[in-house]
Structure formats: C-alpha cells, structure tokens
Amino acid sequence: MGDLFLVRHGETEWSRSGRHTGSTDVPLTDHGREQARGLAPLIRSLPLGAAYVSPLRRARETAELIGVPDAKVDADLREWDYGGYEGVTTVEIQRERPAWFLFTDGVAPGPPDHPGETPEQVGERADRVLAGVETALAGAEKGVLLVAHGHFLRVLTARRLGLPAHDGALFQLETGTLCRLGTEHGRPVVAGWNIRPND
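What counts as what
- Residues numbered from 1 in each chain as written.
- Predicted model: local features only at pLDDT ≥ 70, side-chain atom pairs only at ≥ 80, totals over all residues.
- Heavy atoms only, no water.
- Salt bridge = Lys/Arg side-chain N within 4 Å of Asp/Glu carboxyl O.
- Helix = DSSP H or I, 4+ residues; strand = E, 2+ residues; numbered from the N terminus.
- Buried < 20%, exposed > 50% of the residue type's maximum accessible area, 1.4 Å probe, protein only.
- Pairing = 2+ DSSP bridges.
- Contact = heavy atoms within 4.5 Å.
- Axes fitted to C-alpha atoms, helices over the stretch in contact; angles between N-to-C directions.
- Parallel < 35°, antiparallel > 145°, perpendicular 65-115°, else oblique.
- Left-handed = near helix turned anticlockwise from the far one by under 90°.
- Nonpolar A, V, L, I, M, F, W, Y, C, P; charged D, E, K, R; others polar.
- Phe/Tyr/Trp six-rings, centres within 6.5 Å; stacked < 30°, edge-to-face > 60°.

Engineer: Residues and numbers for the pattern of salt bridges, please.
Structural biologist: Evaluated as defined, the whole model comprises eleven salt bridges. A salt bridge links Arg33 to Glu61; the nearest nitrogen and oxygen atoms lie 2.6 Å apart. You can see Arg33 sitting in helix H2 (residues 30–44) and its partner Glu61 sitting in helix H3 (residues 57–66), a full 28 residues away along the chain. With a relative accessible area of 17%, Glu61 lands in the buried category. Among the ionic pairs, Arg78 bridges to Asp76, the shortest N-O distance being 3.9 Å.

Okay, structure coming up:
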C-alpha cells in the first residue's frame, strides 16, 4: 500500500500570530513561500500517484511552490470552521474560557455562512477525504499527497490511525512541513512527522 503524505501550508501572518484561520483567505508570508519552495526537492523525490489540495489560497499557493500545481482541489480539505473564534487567538479565548481547548470544546457559534464545527464534524470531513484516497492507496506502490491546514490534518491523522477526532491534539503540526503516514504489518502508522528539507 502506498503512503499518505501530508503538507501543511507555509506560514501566514495569522499562523505566525496564533490567530485561528479557517475561512479567512490570507496569503503566505515571504517566509511561508520560502518554506514551501524548500519542500520542493523532497516532494519531487516522493513516489506520488495523486495529489489533492484545499481550496484556500494559502494551501493552493503552497501546492504550486512545492511543485504540484495540478493538485486536485477537494473542498473537504479546508481548515476547521472556527465560527465565532475566527481570527481570535487561544490566549484571547482563554481570558473568557480559561479551560477552553479546541479539540475537546469546539468553537463558539459564528455567522450563518461560517457557523463553526465540532471536532466530530471535522472528523467526518477527514473520513470522507480518507475514503476518497483509500482506493488510490490500496494495492499501489505510489502514494497520495494532501496539501492542507494544521488542525484539519491533525484530525485526519487521528482518524487515519483509528483514533477519535479529538486525538488530533496529539499531533503538533508546524507550517511548511511534510509528514508521512505509512503502514506496518498492515496497520497505519506515523512514519515521519514535521519533516523539513534539512532533516
């Protein structure tokens, strides 16, 4: 079975400042573009059979810069809908809700077009993505690449490993990095995490 490769988009102004960035379509910073370009040699070395990308600009730009401009857009790869917490940092949220934790508590309701998602709803999207790539991975020597967002890819990793969505909290994921989910004795495993060009 081929491996599943994950790339979190490069740095943005909001990711650098810790603001929750779901639907807000912020661009990469210059450093974020540099991070993405740095991954290009690693991506070229991967045995890829297919590539998919979030519809959001920061992910699509990352896909182009790492050398997969023809990645197929999949709306289910978009970031967590943070609802009322869009653009707000964890520190700011915890001033009013000291024990708040995204992966267990979810978000405050937002406007009708972005009402927010529970961890379980994000997990359902991740399950749909995984079902879609399963056919491409099964019996294939080539892998599948997903270019998307930090919190969503953390939930997807948990679901790939058979864990509940909230266990995405266990997988810290940095901007502009590559991760590899492989198998060992037929079971999904984390085979590489937060890989950078000089690792």
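Engineer: I'd like to hear about the pairing of strand E6 (residues 187–195), residue by residue, with values.
Structural biologist: Working note: regular strand, side chains alternate between the two faces of the sheet. The sheet contact formed by strand E5 (residues 178–184) and E6 spans six bridges and is antiparallel. Pairing of Arg180 across the sheet is with Gly192, part of E6. What sits between the antiparallel neighbours E5 and E6 is a turn of two residues, in which His185 has the positive phi angle 55°.

Engineer: Report on the side chain of Thr12, specifying residues and quantitative values.
Structural biologist: Within the secondary structure layout, Thr12 lies in the loop between strand E1 (4–8) and helix H1 (13–17). Once residues lying within four places of it in the same chain are set aside, the contact partners of Thr12 are Val26, Pro27, Leu28, Thr29 and Arg58.

Engineer: Break down the sheet that holds E5 for me, with residues and values.
Structural biologist: Spatial strand order, E3-E2-E4-E1-E5-E6: six strands in an open sheet with mixed pairing. Unpaired on one side and paired on the other, strand E3 (72–73) and E6 mark the two borders of the sheet. Here strand E2 (residues 48–53) runs beside E3; their pairing, made up of two bridges, is parallel. Looking at the pairing, Tyr52 lines up with Lys72 of E3. The strands that H3 touches are E1, E2, E3 and strand E4 (143–148); relative to E4, the one it contacts most, it runs at about 135°.

Engineer: Describe the packing of H2 against H3, and please don't skip the residues or the numbers.
Structural biologist: Look at H2 against H3: their axes get within 7 Å of each other, and the N-to-C directions meet at 45°. Here H3 runs oblique to H2, going by the angle between their axes. For the pair H2 and H3, the sense of crossing is right-handed. Between H2, through Arg33, Ala36, Arg37, Leu39, Ala40 and Ile43, and H3, the contact on the second element is made entirely by Glu61, Thr62, Leu65 and Ile66. Taken together, the residues of the contact of H2 with H3 sort by class into six nonpolar, one polar and three charged.

Engineer: With reference to specific residues and values, describe the packing of aromatic side chains.
Structural biologist: In this structure the tally under the stated criterion is five aromatic pairs. With 6.4 Å between their ring centres and 10° between their planes, Trp80 and Tyr82 make a pair best called stacked. Tyr82 gets classed as buried once you look at its relative accessible area, which sits at 1%. With a centroid separation of 5.7 Å and an interplanar angle of 55°, the aromatic rings of Phe171 and Trp193 are classed as tilted. With Phe171 in the loop between helix H7 (150–160) and E5 and Trp193 in strand E6, this pair connects stretches of sequence that are 22 residues apart.

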